[in-house]
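Given next are the chains, with one letter for each unit.
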Amino acid sequence: MTFITLGEAKSYLRVDSADEDALIESLLCAAERLCVDVSRLSDEKWETVKSDTEDASLNPIRETMKTAILYTLGYFFEHREEADHHGLTLTLRSILFAIREGVV
């Protein structure tokens, strides 16, 4: 199960047809994994963040991760041919800095 639904992803990407659903789902999984890795969240912590628990202390992490995942998805989708993964990773480190350093 991904943190962001296919519908949310397609809305973010402004894609209306189902022609690229499989590609978007694949890119969404890759974007989520990259963001989890860059943020240094353990798999257990990530499962807790993704869960439906009403823990308000997780909201800053959820919102930041959602932003980072959607940004990454958009980058992957738009730069399929000429992606600069090093630049993307540096940007993600900036977005996810507070999570990486345990501030939130």
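Residues numbered from 1 in each chain as written. Predicted model: local features only at pLDDT ≥ 70, side-chain atom pairs only at ≥ 80, totals over all residues. Heavy atoms only, no water.

J.: Help me understand the overall build of the chain, please; the structure alone is not making it clear to me.
T.: Of regular secondary structure, the chain possesses six helices and zero strands. The helix and strand sequence of the chain, counted from the amino end, reads α-α-α-α-α-α. In terms of overall size, the chain behaves like a compact globule, its C-alpha atoms giving a radius of gyration of 14 Å where 104 residues would be expected to give roughly 13 Å. Projecting the C-alpha coordinates of the chain onto the three principal axes gives extents of approximately 40 × 30 × 20 Å. Scored against the burial criterion, the 104 residues of the chain give a buried share of 37%. Pairs at least 24 apart in sequence give 66% of the contacts found in the chain among residues at least 6 apart. Here the chain displays about 6,200 Å² of accessible surface, and carbon together with sulfur accounts for 50% of that area. (Helix = DSSP H or I, 4+ residues; strand = E, 2+ residues; numbered from the N terminus. Rg over C-alpha atoms; globule rule 2.2 N^0.38 Å. Buried < 20%, exposed > 50% of the residue type's maximum accessible area, 1.4 Å probe, protein only. Contact = heavy atoms within 4.5 Å. Areas by Shrake-Rupley, 256 points an atom, 1.4 Å probe, with all protein chains shown as cover.)

J.: Any chance you could explain helix 4 (residues 59–78) here in plain terms?
T.: Count 3.6 residues to each turn of an α-helix, and residues three or four apart come out pointing the same way. Compared with an ideal rise of 1.5 Å per residue, which puts 20 residues at 28 Å, helix 4 spans 28 Å between its outermost C-alpha atoms and is within 8% of the ideal. All of the buried residues along helix 4 are Ile 61, Arg 62, Met 65, Ala 68, Ile 69, Leu 70, Thr 72, Leu 73, Gly 74, Tyr 75, Phe 76 and Phe 77. Where helix 4 is buried, its residues touch helix 1 (6–13), helix 2 (21–39), helix 3 (43–50), helix 5 (85–95) and helix 6 (97–100). (Expected span 1.5 Å × (residues − 1).)

J.: Is there a simple way to think about the packing of aromatic side chains in this case?
T.: Any two aromatic rings considered together are summarised by their centre-to-centre distance and by the angle between their planes. With the rule as written, the count across this model stands at one aromatic pair. In this structure, Arg 80 is placed above the aromatic ring of Phe 77, and the distance from its NZ or CZ to the ring centre is 4.4 Å. (Phe/Tyr/Trp six-rings, centres within 6.5 Å; stacked < 30°, edge-to-face > 60°. Lys NZ or Arg CZ within 6 Å of the ring centre and 35° of its normal.)

J.: Sorry, what's going on with unusual backbone geometry here?
T.: A negative phi angle characterises most non-glycine residues, just as the trans form characterises most peptide bonds. With a phi close to 60 degrees, Arg 14 is a non-glycine residue in the positive phi region. Structurally, Arg 14 is set in the loop between helix 1 and helix 2. Even without glycine at this site, Arg 40 takes up a positive phi of about 65 degrees. Note on placement: Arg 40 falls in the loop between helix 2 and helix 3. Classification of Arg 40 by relative accessible area gives exposed; the value is 52%.

J.: Where do I start with the pattern of salt bridges in this structure?
T.: Opposite charge on two side chains permits them to pair, given that their charged atoms come into close proximity. By the definition in use, this model includes eight salt bridges. Residue Arg 33 pairs with Asp 43 through a salt bridge whose shortest N-O separation is 3.2 Å. Of the two residues, Arg 33 sits in helix 2 while Asp 43 sits in helix 3, which places them 10 residues apart along the sequence. Accessibility expressed as a relative area gives 44% for Asp 43, which makes it partly exposed. Among the ionic pairs, Glu 47 bridges to Lys 50, the shortest N-O distance being 3.7 Å. With Glu 47 and Lys 50 both in helix 3 and three residues apart, this pair spans about one turn of that helix. (Salt bridge = Lys/Arg side-chain N within 4 Å of Asp/Glu carboxyl O.)

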